[in-house]
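If you want the building blocks of each chain, they are given just below.
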Amino acid sequence: MHHNTPLISTIVVGLVLAFVLGALVQRLRVSPLVGYLLAGVVMGPFTPGFVANQTIANELAEIGIILLMFGVGLHFSLKDLLSVRAIALPGAVVQISAATVMGWGLGWLLGWSTGKGIMFGIALSTASTVVLLRAMQERRLIDTERGRIAVGWLIVEDIACVLTLVMLPPLAGLMNGEATTGGLDFATLAWPITMTLGKVAAFVVLMLLVGRRVIPWILHYVAHTGSRELFRLAVFAISLGVAFGAALLFDVSFALGAFFAGMILSESELSQRAANETLPLRDAFAVLFFVSVGMLFDPSIIVKEPFPLLGTLFIILFGKSFAAFAIVRLFGHPTSTALTISASLAQIGEFSFILVTLGVSLSLMTERGRDLVLAGAIISIMLNPLWFALLDRFLARREATQVAEAPAADEGTATREPLPVSKLTDHVVLVGHGRVGSVVSAALRQVGTPVLVIEDNPGIVERLREQGIDSLSGNAAAPDMLQAANVTSARGLLVAIPDAFEGGQIVAKARALSATLPIIARAHSEEEVAHLKFHGATSVIMGEREIANAMLAQIAGNVAAALRPKPAEQGGAPSAA
Ligand code: AMP
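Predicted model only: the values in this text are computed from it and were never measured.

(A) Region of interest: the packing of helix H6 (residues 114-123) against helix H8 (residues 145-175). Running from N to C, H6 and H8 cross one another at 165 degrees; their axes reach a closest spacing of 11 Å. Between H6 and H8, the angle is such that the two are roughly antiparallel. Relative to H8, the crossing made by H6 is left-handed. Two secondary-structure elements touch here, H6 through Gly115, Ile118, Met119 and Ile122 and H8 through Thr164, Leu168 and Met175. A breakdown of the residues in the contact of H6 with H8 according to their chemical character gives 5 nonpolar, 2 polar and no charged.

Okay, structure coming up:
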């Protein structure tokens with residue numbers, strides 16, 4: 001290389017390798033997260049070849065953490081949490097305690113101090129939001145009772161994790177056994193904890209009193225300028241600025257600052273837009289976060305420490321799952337629900353990484369412990385889809401025997417929610433219920449034509465269902481979606497979404513199902529019209545051309561009206577028009 005550019009090479013090599021390995025493992029039906037971690041391992045000091053700059057990678061990872069936690073705050077919904085609090089709260093608390101005790105037990109066997117053992121256990125206790133949400137979405141479980149419980153459970157774990165991040169620094173001394181020499185000195189312990197809680201409280205009060213007014217005001221102001229670029233910049237400036245300011249002024253972790261900034265934004269109606277704006281950058285930095293964690297991982301631990309690693313994996317895969325299973329059953333939920341929740345939580349991810357990083361910096365975790373957690377995370381994320389597959393098989397077999405003996409009592413036993421095929425026939429399948437789709441569906445229903453809507457936005461689907469309108473939630477390009485809409489028996493398919501590239505995929509899939517189905521699609525340029533026609537659209541409506549025609553028609557009407565002689569000029573003669 002001509003220049004010494006460690007920042008550029010870390011970002012570029014990190015993203016490129018993560019992309020290649022992510023795509024590769026995705027083909028093997030493993031979460032791309034594993035690919036990102038492996039990219040880090042390849043770039044790390046423990047494997048031959050290119051070694052990226054760890055200090056720079058760590059700083060990039062911090063930005064990833066800020067943006068991830070900002071996203072967690074944005075999606076934090078007190079309402080969702082309250083609706084499942086009866087099970088999610090005790091469930092998460094019991095599970096976290098069980099994992100911590102088991103981790104401490106393993107640490108004890110390995111000869112670690114109590115403090116290090118507890119830290120190890122805590123790091124094993126929180127599941128990855130990214131992995132869980134992806135598994136739930138892929139199985140269409142988000143809208144189900146099981147999905148809501150799992151997500152609520154995760155929110156409680158998130159909160160517990162945020163609290164741990166806050167409390168660890170002041171408690172580090174005690175956990176390391178410093179304060180216990182000469183008895184438990186309450187004063188030396190109470191002071192730093194009070195200070196920390198005081199600073200956190202000051203930050204929270206400031207955010208609630210000032211941030212809550214100022215942040216939405218800034219966003220509203222910027223939204224009205226109409227500049228999308230400025231709006232994006234505002235969202236990033238707020239998330240990064242609040243996190244940085246919180247750390248600088250209040251000694252609060254970046255993560256907590258960002259979480260709060262997100263939470264305050266989530267109260268405003270602009271939150272959806274704000275959330276969307278952060279996605280691309282958040283994804284890029286989250287990838288760099290996983291890469292930097294992978295760089296810390298020494299793969300030789302697998303051969304050097306097989307038994308401690310097996311113990312760690314046992315806690316993540318079976319110990320935590322068993323605790324979750326037991327408590328869900330105890331609350332009277334069916335076995336299938338308990339098993340699905342156990343499977344979705346039988347992994348660890350980003351929170352564990354954040355915790356081990358902090359643990360090592362506070363001397364609360366050895367590098368060996370960190371490597372065990374990292375190896376446990378990588379392997380458990382890899383095994384997670386396998387867990388679900390085994391569960392599918394187990395439940396299918398159980399259902400078969402149950403059906404033979406007596407009708408099954410559990411509702412929805414499979415871990416993959418099946419998509420029932422709509423019974424509608426001679427209906428219109430409408431993809432997208434936004435500005436265009438909503439007008440179309442209202443008009444069709446007015447003339448009594450049955451409509452089935454496929455819509456990506458769960459909020460819209462919920463509202464449609466409340467109005468009694470048949471709708472499927474999800475991306476129309478996803479497998480089985482068009483079949484579930486019974487598109488082969490439909491009168492026609494209207495693809496009313498703005499993205500013609502995705503529209504093309506939907507059109508092609510529908511055309512493959514039926515050669516004669518009338519398909520009408522929406523486009524915004526001549527190229528898009530050609531693209532959609534190429535994939536099999538019967539006709540394509542180009543929005544901009546229709547707007548132009550409508551404008552012309554109106555102005556033409558006005559011109560005609562202006563040219564039309566007025567009654568006064570005609571001397572009261574009857575109008576010729
Ligand atoms: P509008 O541009 O206002 O007509 O809105 C388009 C609507 O289509 C939005 O409500 C989106 O959520 C929805 N949408 C976009 N892409 C898809 C897709 N692939 N499948 C289902 N709905 C979609």
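Having seen the model, we can carry on.
(B) Highlighting the domain arrangement of the protein. You can read the domains of the protein as domain 1 (12-398) and domain 2 (428-562). Computed over C-alpha atoms, the centres of domain 1 and domain 2 are 39 Å apart.

(C) Just the site of the ligand, in detail. The environment of the ligand is made up of 19 residues, and the closest members are Arg435, Glu455, Asn475, Glu502 and Arg522. Backbone polar atom of aspartate 456 to a nitrogen atom of the ligand: 3.1 Å apart, as the coordinates give it. Notes on the ligand: free accessible area 510 Å², of which the protein chains cover 85%. Mapped onto the shell around the ligand, the elements with two or more residues apiece are helix H18 (435-446), strand E2 (451-455) and helix H21 (500-513).

(D) Here's a closer look at a nonpolar patch on the surface. Together, Leu7, Ile8, Val12, Val16, Phe19 and Val20 make up an exposed nonpolar region whose accessible area comes to about 560 Å². Its location among the elements puts leucine 7 in helix H1 (residues 6-27). Judged by its relative accessible area of 45%, leucine 7 is partly exposed.

(E) Examining the packing of helix H5 (residues 85-109) against H8 more closely. In contact at an axis separation of 8 Å, H5 and H8 are set at 55 degrees when each is read in the N-to-C sense. Considering their axes alone, H5 and H8 lie oblique with respect to each other. Handedness of the crossing formed by H5 with H8: right-handed. Along its contact with H5, which presents Ile87, Ala88, Leu89, Gly91, Ala92, Gln95 and Ile96, the element H8 presents Ile149, Gly152, Trp153, Val156, Glu157 and Ala160. Residues that form the contact of H5 with H8 fall into these classes: 9 nonpolar, 3 polar and 1 charged.

(F) A look at the side chain of serine 422. Tracing the chain through its elements places serine 422 in the loop between helix H17 (367-405) and strand E1 (428-431). The residues touching serine 422, leaving out its near neighbours within four places in the chain, are Leu452, Ala484, Ala485 and Asn486.

(G) Representation of the sheet that holds strand E6 (residues 539-542) in the model. Judged by pairing direction, the sheet is parallel, and its 6 strands sit side by side in the order E3-E2-E1-E4-E5-E6 without closing on themselves. The strands lining the two open edges of the sheet, one partner per strand, are strand E3 (471-473) and E6. With direction set aside, neighbouring strand axes in the sheet form an average angle of 15 degrees. Note: strand E4 (residues 492-495) against strand E5 (residues 519-523), 3 bridges, orientation parallel. Bridge pairing links valine 495 to alanine 521 in E5. Contacts from helix H23 (residues 543-563) reach E5 and E6 within the one sheet, and its direction differs from that of E6 by about 60 degrees.

(H) Examining H21 more closely. Here H21 spans 20 Å end to end across 14 residues, near enough to the 20 Å set by a 1.5 Å rise per residue. For H21, the full list of buried residues reads Ala500, Gly503, Gly504, Ile506, Val507 and Ala510. Each buried residue of H21 sits inside an arc of 165 degrees when the element is viewed along its axis, so together they form one side. Looking at H21, the residues exposed on the side facing more than 90 degrees away from the buried face are Phe501 and Ala512. On its buried side, H21 packs onto E1, helix H20 (481-484), E4, E5 and helix H22 (526-534).

(I) Structural detail: the side chain of serine 514. The residue serine 514 is located in the loop between H21 and E5 in this model. A polar contact is formed between the side chain of serine 514 and the backbone nitrogen of threonine 516, at a distance of 3.3 Å.

Thresholds, definitions, all that
- Residues numbered from 1 in each chain as written.
- Predicted model: local features only at pLDDT ≥ 70, side-chain atom pairs only at ≥ 80, totals over all residues.
- Heavy atoms only, no water.
- Axes fitted to C-alpha atoms, helices over the stretch in contact; angles between N-to-C directions.
- Helix = DSSP H or I, 4+ residues; strand = E, 2+ residues; numbered from the N terminus.
- Parallel < 35°, antiparallel > 145°, perpendicular 65-115°, else oblique.
- Left-handed = near helix turned anticlockwise from the far one by under 90°.
- Contact = heavy atoms within 4.5 Å.
- Nonpolar A, V, L, I, M, F, W, Y, C, P; charged D, E, K, R; others polar.
- Domains from an automatic or database assignment.
- Near = heavy atom within 4 Å.
- Polar contact = N/O pair within 3.5 Å; in protein donor to acceptor, adjacent residues only side chain to side chain.
- Areas by Shrake-Rupley, 256 points an atom, 1.4 Å probe, with all protein chains shown as cover.
- Patch = residues over 30% accessible without salt bridge, like charges linked within 9 Å, V, L, I, M, F, W, Y side chains within 5 Å.
- Salt bridge = Lys/Arg side-chain N within 4 Å of Asp/Glu carboxyl O.
- Buried < 20%, exposed > 50% of the residue type's maximum accessible area, 1.4 Å probe, protein only.
- Pairing = 2+ DSSP bridges.
- Expected span 1.5 Å × (residues − 1).
- Arc of directions from axis to C-beta.

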